[in-house]
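# Observations on the three-dimensional arrangement
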Amino acid sequence: MATIETATDREAIASVIQLYIDGAGSGDTDKLKQAFDERAWMFGSLGGQRVDVPITEMIGIFEAQPMGDSYEARIASIEQVGDAALATLEETGCWGSVSFTDFFGLSKIDGEWKIVSKTFAHTGGEMPAA
């Protein structure tokens, strides 16, 4: 029988996603490393180019180029059954005008919620010229 989502689990999942938001916005690698399982991967496409990389590479991207002052993010949904969860995040103002919808897979590992996968859809804007 499936375990019903508890307020405690929902708060813990939201806290992990908030670590991602704070880390991505500021380039704080410690927060990002705390949010993700070290074995996680990110998958998505940006400007027609696939960006399928180990999470350590994503963390390096945010360290070199944080999302910036215009970055805003909102948790759109959290679904959880037992030790598995899915969170959806809406991001705007990334690197100025880029927006994304992120789907995070989370697992409760050794009693602690961790992001184990990130899949993103580029929903608007263009990356600034380097």
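Reference entry: report on the structure contained in this document.

### A short note on the environment of Ser 107
Inspection of the secondary structure assignment puts Ser 107 in strand β6 (residues 98-109). With 22 residues separating them along the chain, Ser 107 and Ala 85 place their C-alpha atoms 6.3 Å apart. Sequence-distant contacts of Ser 107, defined by excluding residues within four places in its chain, comprise Asp 83, Glu 112, Trp 113, Lys 114 and Val 116.

### Observations regarding the environment of Phe 100
With respect to the element layout, Phe 100 can be found in strand β6. For Phe 100, a relative accessible area of 5% corresponds to the buried category. Measuring from C-alpha to C-alpha, the distance between Phe 100 and Val 53 comes to 17 Å, with 47 residues separating the pair along the chain. Contacts of Phe 100, omitting those with residues within four sequence positions, involve Leu 46, Leu 89, Glu 90, Glu 91, Cys 94, Trp 95, Phe 120, Ala 121, His 122 and Thr 123.

### Comments concerning the packing of aromatic side chains
For any pair of aromatic rings, the description consists of the separation of the ring centres together with the inter-plane angle of the planes. With the rule as written, the count across this model stands at 8 aromatic pairs. Judged by centre distance (6.1 Å) and plane angle (70°), the ring pair of Tyr 20 and Phe 62 falls under edge-to-face. You can see Tyr 20 sitting in helix α1 (residues 7-26) and its partner Phe 62 sitting in helix α3 (residues 55-64), a full 42 residues away along the chain. Of the two residues, Tyr 20 and Phe 62, neither departs from the other in class, the shared state being buried. Considering the side-chain rings of Trp 95 and Phe 100, the 6.2 Å spacing of their centres and the 90° angle between planes classify their relative orientation as edge-to-face. Across the pair, exposure class does not vary: Trp 95 and Phe 100 are buried alike. Put simply, the rings of Tyr 20, Phe 36, Phe 62, Trp 95, Phe 100, Phe 104 and Phe 120 pair up and form one aromatic cluster.

Rules and cut-offs
Residues numbered from 1 in each chain as written. Predicted model: local features only at pLDDT ≥ 70, side-chain atom pairs only at ≥ 80, totals over all residues. Heavy atoms only, no water. Helix = DSSP H or I, 4+ residues; strand = E, 2+ residues; numbered from the N terminus. Contact = heavy atoms within 4.5 Å. Buried < 20%, exposed > 50% of the residue type's maximum accessible area, 1.4 Å probe, protein only. Phe/Tyr/Trp six-rings, centres within 6.5 Å; stacked < 30°, edge-to-face > 60°.

Geometry only, nothing functional implied.
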